[in-house]
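These are the residues of each chain, in order.
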Amino acid sequence: MKSEPVQGRMTADGAGEVVVFLVGMRINNWWAVRSWLPVLRAMPPMIKELARNREWGMLGYRALGGLRNFGVLQYWESKEKLLAYAADQSGAHRPAWSAFNRRAREGRGGVGIWHETFVVREGSYENVYVDMPPSGLGAARGVVPVGRRGERAADRLGG
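Residues numbered from 1 in each chain as written. Predicted model: local features only at pLDDT ≥ 70, side-chain atom pairs only at ≥ 80, totals over all residues. Heavy atoms only, no water.

Trainee: Got a minute to help me understand the overall build of the protein chain in this structure?
Mentor: Within the protein chain, the secondary structure is distributed over five helices and seven strands. The N-to-C order of helical and strand elements in the protein chain reads β-β-α-β-β-α-α-β-β-α-β-α. Oriented by its inertia axes, the alpha-carbon framework of the protein chain measures out at about 55 × 30 × 30 Å. Buried residues in the protein chain amount to 35% of all 159 residues. Accessible area of the protein chain: about 9,600 Å², with a carbon and sulfur share of 56%. (Helix = DSSP H or I, 4+ residues; strand = E, 2+ residues; numbered from the N terminus. Buried < 20%, exposed > 50% of the residue type's maximum accessible area, 1.4 Å probe, protein only. Areas by Shrake-Rupley, 256 points an atom, 1.4 Å probe, with all protein chains shown as cover.)

See the structure below:
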């Protein structure tokens, strides 16, 4: 689905804390298909599950790709909701994590995984989108004209 640009200078709507979660994988050995293909296939069901269940806390996401590296940038309502999803025995994450751990012991480093989590308090993030389709945090929370949150980056950063 292609989004049309929103004309003018916009910024992400909403106030409050935001959690930025980056998760990904690296193919260390192209020949170790049994190690990396299941990892690559595990993420789409989790994203679909989270998109269907907005109350679980994922605000939005963007896929990241490269030659060996694949990842997802996610925006979450809170660290509590992110951690709850990660620990939920009934969701798609726990079985995928358990399966990865089993394969990792057998695969001898054919695939690597990583994640980074940033809890960003209100007033500590800023963004601007000029003549862009909703993107990043703006796609996750919606966009408003820059003037509503401050004309300058320093204003939007709580300065």
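After that view, the rundown keeps rolling.
Trainee: Help me understand the packing of aromatic side chains in this model?
Mentor: How two aromatic rings sit relative to each other is set out by the distance from centre to centre and by the angle between their planes. Summed over all chains, the structure comprises four aromatic pairs. Ring centres of tryptophan 76 and tyrosine 85 lie 6.2 Å apart, and the angle between their planes is 35°; this geometry places the pair in the tilted category. Judged by its relative accessible area of 0%, tryptophan 76 is buried. Look at tyrosine 85 and you get buried, because its relative accessible area is 7%. Judged by centre distance (5.9 Å) and plane angle (25°), the rings of tryptophan 97 and phenylalanine 100 are stacked. Within this pair, tryptophan 97 and its partner phenylalanine 100 are both found in helix H3 (residues 93–107), separated by three residues, close to a single helical turn. Here a set of aromatic residues connected by ring pairs shows up, and it is made of Trp56, Trp76 and Tyr85. (Phe/Tyr/Trp six-rings, centres within 6.5 Å; stacked < 30°, edge-to-face > 60°.)

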